[in-house]
Amino acid sequence: MDWATRKVLAWRLSNTMHAAFCVEALREAIARFGPRAIMNADQGSQFTGTEWITTLTDVGMLFKLTPALPRSSATFRRRV
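Residues numbered from 1 in each chain as written. Predicted model: local features only at pLDDT ≥ 70, side-chain atom pairs only at ≥ 80, totals over all residues. Heavy atoms only, no water.

Draft legend 1. Just the pattern of salt bridges, in detail. Counted under the stated rule, the structure contains two salt bridges. Here Glu51 makes a salt bridge to Arg27, at a shortest N to O gap of 3.6 Å. A residue pair is termed long-range when its members are at least 10 positions apart, and Glu51 in helix H3 (residues 50–58) and Arg27 in helix H1 (residues 20–33) qualify at 24 residues. Of the residues examined, Arg27 reaches a relative accessible area of 44% and is grouped as partly exposed. Close ionic contact of Arg32 with Glu28 constitutes a salt bridge, the shortest N to O distance being 3.3 Å. With Arg32 and Glu28 both in helix H1 and four residues apart, the pair spans about one turn of that helix. When its relative accessible area of 53% is taken as the criterion, Arg32 is described as exposed. (Salt bridge = Lys/Arg side-chain N within 4 Å of Asp/Glu carboxyl O. Helix = DSSP H or I, 4+ residues; strand = E, 2+ residues; numbered from the N terminus. Buried < 20%, exposed > 50% of the residue type's maximum accessible area, 1.4 Å probe, protein only.)

Below you can see the structure in the form of structure tokens.
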């Protein structure tokens, strides 16, 4: 999701904790809309893995992990 426009750039649904589906969605979003300046993500294993971080750094994107606070998810839901 692009925070500025609130547009969903790409998405996937999975019933596993594997990172591959997240990386596929990330690559699709980059291919369709180009890299953004900063990627904000939670601290889930999909977003802290080597493949995710390498994909971001290969296109020059900075990444920020949000703190693992219970209210973080509530803040996200309110903003959407």
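There is more to say, and it comes next.
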